[in-house]
Amino acid sequence: MPEVLAAVFATLIAITFHEAAHGYAAEALGDHTAREQGRVTLNPIAHVDMVGTIILPAILLVGQLLTLGRVEAMIGWAKPVPVDFMRLRNPRWGMLWVAAAGPAMNLLLAYLAALAAHLAGFIGPESAVVLYRSVALFMVVNLVLAAFNMLPIPPLDGGRIVTALLPWRLALPYARLERYGLLIVIGFVIVAPRVIPGFDVMGWLLAHVVAPIFDLVLRAAGHSP
């Protein structure tokens, strides 16, 4: 139970700063829509989506614990920060930087957590173990959120970055996938691993993206391998 509560706390911090970063970036690049709607804030309540942040994750958590005895996959979302890309000074490149701001913030949070692990040298051994475990959990949550959002599926951040980079004749039809984005994500993350042997998007992300970046962030923060 303590680890579940710690994971919930880490997730709230991660999604709050992630969404706020989108709002701050959009404002800096000329769009004040998020500010006008009170979404440029670090108040987590402003970013909570009742279905995506609370109900669906709770159903998946309880359902998997009851049926499998463990948690295999989770999916959820925060309330997206409203961005009017046409109000940005450069809509195309502005969209790219606004999208990238969220994952970049999660990387920064992971790095700051890794720096905080150095405090273990000033506390007792038992407290140091708690600190290390808390830091590792916080880093993993932020790195998973960053990696997941970089999947090239609209409306995830990676999808919007790809849209900004594509030629217009390809960008427009690609952007239209956004209306089906949630179904595509659920299909890839929840459904496909159960019907296609060996297909595991989250497992691949954890092994080949999150784990290497985790080690890289630790090294950047001055920790020996």
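Basis of the calculations
- Residues numbered from 1 in each chain as written.
- Predicted model: local features only at pLDDT ≥ 70, side-chain atom pairs only at ≥ 80, totals over all residues.
- Heavy atoms only, no water.
- Helix = DSSP H or I, 4+ residues; strand = E, 2+ residues; numbered from the N terminus.
- Buried < 20%, exposed > 50% of the residue type's maximum accessible area, 1.4 Å probe, protein only.
- Contact = heavy atoms within 4.5 Å.
- Patch = residues over 30% accessible without salt bridge, like charges linked within 9 Å, V, L, I, M, F, W, Y side chains within 5 Å.
- Areas by Shrake-Rupley, 256 points an atom, 1.4 Å probe, with all protein chains shown as cover.
- Salt bridge = Lys/Arg side-chain N within 4 Å of Asp/Glu carboxyl O.
- Core = buried A, V, L, I, M, F, W, Y, C linked by side-chain atoms within 4.5 Å.
- Phe/Tyr/Trp six-rings, centres within 6.5 Å; stacked < 30°, edge-to-face > 60°.
- Lys NZ or Arg CZ within 6 Å of the ring centre and 35° of its normal.

Chemist: Would you explain the overall build of the protein in this entry?
Modeler: Scanning the protein for helices and strands turns up 9 helices and 0 strands. Buried residues in the protein amount to 40% of all 225 residues. Put simply, of all contacts in the protein between residues at least 6 apart along the chain, 69% involve residues at least 24 apart.

Chemist: Teacher, can you tell me more about a nonpolar patch on the surface here?
Modeler: On the surface, Trp93, Trp97 and Leu165 cluster together into a nonpolar patch covering about 370 Å² of accessible area. Relative to the elements of secondary structure, Leu165 occurs in helix α6 (residues 157-165). Look at Leu165 and you get exposed, because its relative accessible area is 52%.

Chemist: Would you mind showing me how to read the nonpolar core here?
Modeler: The nonpolar side chains of a soluble globular protein tend to be buried with one another. Grouped together as the largest cluster of nonpolar side chains are 33 residues, with contacts concentrated most on Met139 and Phe148. Put simply, the parts of the chain that give this core at least two residues each are α1 (2-28), α4 (91-116), α5 (125-149), α8 (181-195) and α9 (201-220). Element by element, the count of residues in this core is highest for α5, at 10 residues. Beyond its immediate sequence surroundings of up to four residues, Met139 is in contact with Ala110, Ala113, Ala114, Phe214, Val217 and Leu218. Core analysis: the next-biggest nonpolar cluster, separate from the first, contains 12 residues, Ala26, Leu88, Leu96 and Ala99 among them.

Chemist: When you look at the pattern of salt bridges in this model, what are you seeing that I'm missing?
Modeler: Pairs can form between side chains of opposite charge whenever their charged atoms are close. Per the stated rule, a full pass over the model turns up 4 salt bridges. In this structure, Arg87 and Asp31 form a salt bridge, with 3.6 Å as the shortest nitrogen-oxygen distance. Residue Arg87 is found in the loop between α3 (50-67) and α4, and its partner Asp31 is found in the loop between α1 and α2 (33-36); the two are separated by 56 residues along the sequence. For Glu36, the salt bridge is made with Arg87, and the minimal N-O distance between the two is 3.2 Å. Taken together, the positions of Glu36 in helix α2 and Arg87 in the loop between α3 and α4 put the pair 51 residues apart, joining distant regions of the chain. Judged by its relative accessible area of 34%, Arg87 falls in the partly exposed class. Within the structure, one salt-bridge network assembled from shared partners comprises Asp31, Glu36 and Arg87.

Chemist: Just to check I follow, could you spell out the environment of Thr11 for this structure?
Modeler: Position of Thr11 relative to the elements: it lies in helix α1. Along the sequence, Thr11 and Phe138 sit 127 residues apart, while their C-alpha atoms lie 8.0 Å from each other.

Chemist: When you look at unusual backbone geometry in this model, what are you seeing that I'm missing?
Modeler: With the exception of glycine, the majority of residues adopt a negative phi angle, and the majority of peptide bonds are in the trans configuration. Cis geometry marks the peptide bond from Pro154 to Pro155; its omega dihedral reads 5°. Mapped onto the elements of the fold, Pro155 is located in the loop between α5 and α6.

Chemist: I keep staring at the packing of aromatic side chains and nothing clicks. Help me out?
Modeler: Pairs of aromatic rings are described using the distance from one ring centre to the other and the angle between the two planes. A complete count under the given rule lists 1 aromatic pair for this structure. Positioned above the aromatic ring of Trp168, the side-chain terminus of Arg92 is 5.0 Å from the ring centre.

In short, geometric facts, not functional conclusions.
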